[in-house]
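Per-entry structural report
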Amino acid sequence: IRGDIRVGGTVEAGRIGTPYTETNLRGWQNSVGLYIGGETPLGAIMFGAGYSPSSGYSNVYFLFGTP
């Protein structure tokens, strides 16, 4: 790794009014996430994970290159 390293987090919330595709989610939804990324000799790289306690869904992502 060369250059900068970035570590961060997210906190998000949103309200679902009239669902058109996801019929199981109602009202306020919230989520949290953490990520780490930096510059490598091959380009930018980022790894992150997120979780929504209100819906129980989670995800993991990996990014290589320019978003």
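Please refer to the structure placed before this passage.
Below is a short write-up of the structure. These numbers were taken from a predicted model, which means no experiment stands behind them.

1. Brief notes about the environment of Phe 47
Structurally, the position occupied by Phe 47 is in strand E3 (residues 43-51). Taking the C-alpha atoms as reference, Phe 47 lies 17 Å from Val 11; in sequence the two are 36 residues apart. If we ignore the near neighbours within four places in the chain, the residues touching Phe 47 are Leu 34, Tyr 35, Ile 36, Val 60, Tyr 61 and Phe 62.

2. Description of the side chain of Thr 40
One can find Thr 40 in strand E2 (residues 27-40). Judged by relative accessible area, which is 12%, Thr 40 ranks as buried. Here Gly 43 takes part through its backbone oxygen, which lies 2.6 Å from a polar atom of the side chain of Thr 40.

3. Observations regarding the environment of Phe 64
Relative to the helices and strands, Phe 64 resides in strand E4 (residues 58-64). When the C-alpha positions of Phe 64 and Gly 37 are compared, they lie 9.6 Å apart, and in sequence the two are 27 residues distant. In contact with Phe 64, not counting residues within four places along its chain, are Leu 42, Ala 44 and Ile 45.

What counts as what
- Residue numbers run consecutively from 1 along every chain, following the written order of its sequence.
- Residue-level local features of this predicted model are given only where pLDDT is at least 70; pairs of side-chain atoms are given and counted only at 80 or more, and the full residue set underlies all totals for whole chains, interfaces and linings.
- Computation of side-chain values covers all heavy atoms of the structure but excludes hydrogens and water.
- Here a strand is any run of E in DSSP of at least two residues, a helix any run of H or I of at least four, and the numbering for each starts at the N terminus.
- Any two residues whose heavy atoms approach within 4.5 Å at even a single point are treated as in contact.
- Per-residue accessibility, obtained with a 1.4 Å probe over protein chains only, is compared with the maximum for each type, and a residue is labelled buried under 20%, exposed over 50%, and partly exposed between these values.
- In protein, a polar contact means a hydrogen-donor-capable atom and an acceptor-capable atom, both N or O and within 3.5 Å, with residues adjacent in sequence counting only if both atoms are side-chain atoms; elsewhere, any N or O pair within 3.5 Å suffices.

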